[in-house]
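Spelled out from the first residue to the last, the chains are:
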Amino acid sequence: MCRNCHSNFAYLVELEEKHGEDALVECWYSQILANLLESKDAVCLIDHLIDFYQRKLAEVPSKQRYISKMLYMLRSVKEPFDASKLA
C-alpha cells in the first residue's frame, strides 16, 4: 500500500473495529464524497479499499453481505452510473 493511503486506511480499519461496520460506512463514504472525490488520493484509497474487501470476501464468508455492499459502494463512487449512456 502506498504511503499516502496508509494512514487513511489504518484509521478506517480502527474505526470499524471500535465502532462497527455502520460507522465505517458513514465515515469513509462522507469523507470520500465531501473531501477527496476529485483528488488522485481518493482514487488510490478507493483502489486499496476494493482490494482489501475483495480479500476479506474470501477470508470472512460470514460477512459476505456486508462486504458485498462495501464493494458495491466503492465501485459506484469510483465509476458513477451515467444514465445518459443508456440512451
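This text follows the structure it describes.
Each chain has its residues counted from 1, running along the sequence as written. pLDDT decides what is reported in this predicted model: residues at 70 or higher carry local features, side-chain atom pairs at 80 or more are listed and counted, and totals for whole chains, interfaces and linings draw on all residues regardless. Calculated side-chain values reflect all of the structure's heavy atoms, with hydrogen atoms and water omitted.

**Some words on the nonpolar core**
The cut-off we apply is this: Each nonpolar core is a collection of buried residues, namely Ala, Val, Leu, Ile, Met, Phe, Trp, Tyr and Cys, held together in the definition by side-chain atoms within 4.5 Å. A simple rule labels every residue: compare its accessible area, found with a 1.4 Å probe on the protein chains alone, to the largest value its type can have, and call it buried under 20%, exposed over 50%, or partly exposed in between. A run of H or I in DSSP becomes a helix once it reaches four residues, and a run of E becomes a strand once it reaches two; helices and strands are each numbered from the N terminus.
Membership of the largest hydrophobic core comes to 18 residues, with the highest contact counts inside it found for Leu49, Tyr53, Tyr66 and Leu74. For this core, the secondary structure elements donating two or more residues are α1 (3–19), α2 (21–36), α3 (40–59) and α4 (64–78).

**Considering the packing of α3 against α4**
This is how the line gets drawn: The axes are straight lines fitted to the C-alpha atoms, using for helices just the contacting stretch, and the angles between their N-to-C directions are given from 0 to 180°. Our angle categories are set so that under 35 degrees counts as roughly parallel, over 145 as roughly antiparallel, 65 to 115 as roughly perpendicular, and the remainder as oblique. We call a crossing left-handed when the near helix sits turned anticlockwise from the far one by less than a right angle, and right-handed when that turn is clockwise. A contact between two residues is defined here by any heavy atoms of the two lying within 4.5 Å. Ten residue types, Ala, Val, Leu, Ile, Met, Phe, Trp, Tyr, Cys and Pro, are classed as nonpolar, four, Asp, Glu, Lys and Arg, as charged, and the remainder, Gly among them, as polar.
At a minimum axis separation of 10 Å, α3 and α4 run at an interaxial angle of 160°. Here α4 runs roughly antiparallel to α3, going by the angle between their axes. Judged by the sense of rotation from one axis to the other, the crossing of α3 with α4 is left-handed. Contacts between α3 and α4 involve Ile46, Asp47, Leu49, Ile50, Tyr53, Gln54, Lys56 and Leu57 from the former and Gln64, Tyr66, Ile67, Ser68, Met70, Leu71, Leu74, Arg75, Val77 and Lys78 from the latter. Here the contact of α3 with α4 is composed, by residue class, of 11 nonpolar, three polar and four charged.

**A closer look at the pattern of salt bridges**
Going by this rule: Here a salt bridge means any side-chain nitrogen of Lys or Arg lying within 4 Å of a carboxyl oxygen belonging to Asp or Glu.
Tallying each qualifying case throughout the model produces two salt bridges. Between Glu14 and Lys18 there is a salt bridge, and its shortest N-O distance comes to 2.9 Å. With Glu14 and Lys18 both in helix α1 and four residues apart, the pair spans about one turn of that helix. A residue is classified by how much of its surface remains accessible, and Glu14, at 38% relative accessible area, is partly exposed.

**What about the environment of Asn8?**
Locating Asn8 in the fold gives a position in helix α1. Sequence-wise, Asn8 and Ala42 are 34 residues apart; in three dimensions their C-alpha atoms are separated by 10.0 Å.

**Focus: the environment of Gln54**
Structurally, Gln54 can be placed in helix α3. On the basis of relative accessibility, which here comes to 37%, the residue Gln54 falls in the partly exposed class. Separated by 16 residues in the primary sequence, Gln54 and Met70 place their C-alpha atoms 9.7 Å from one another. Once residues lying within four places of it in the same chain are set aside, the contact partners of Gln54 are Leu71 and Arg75.

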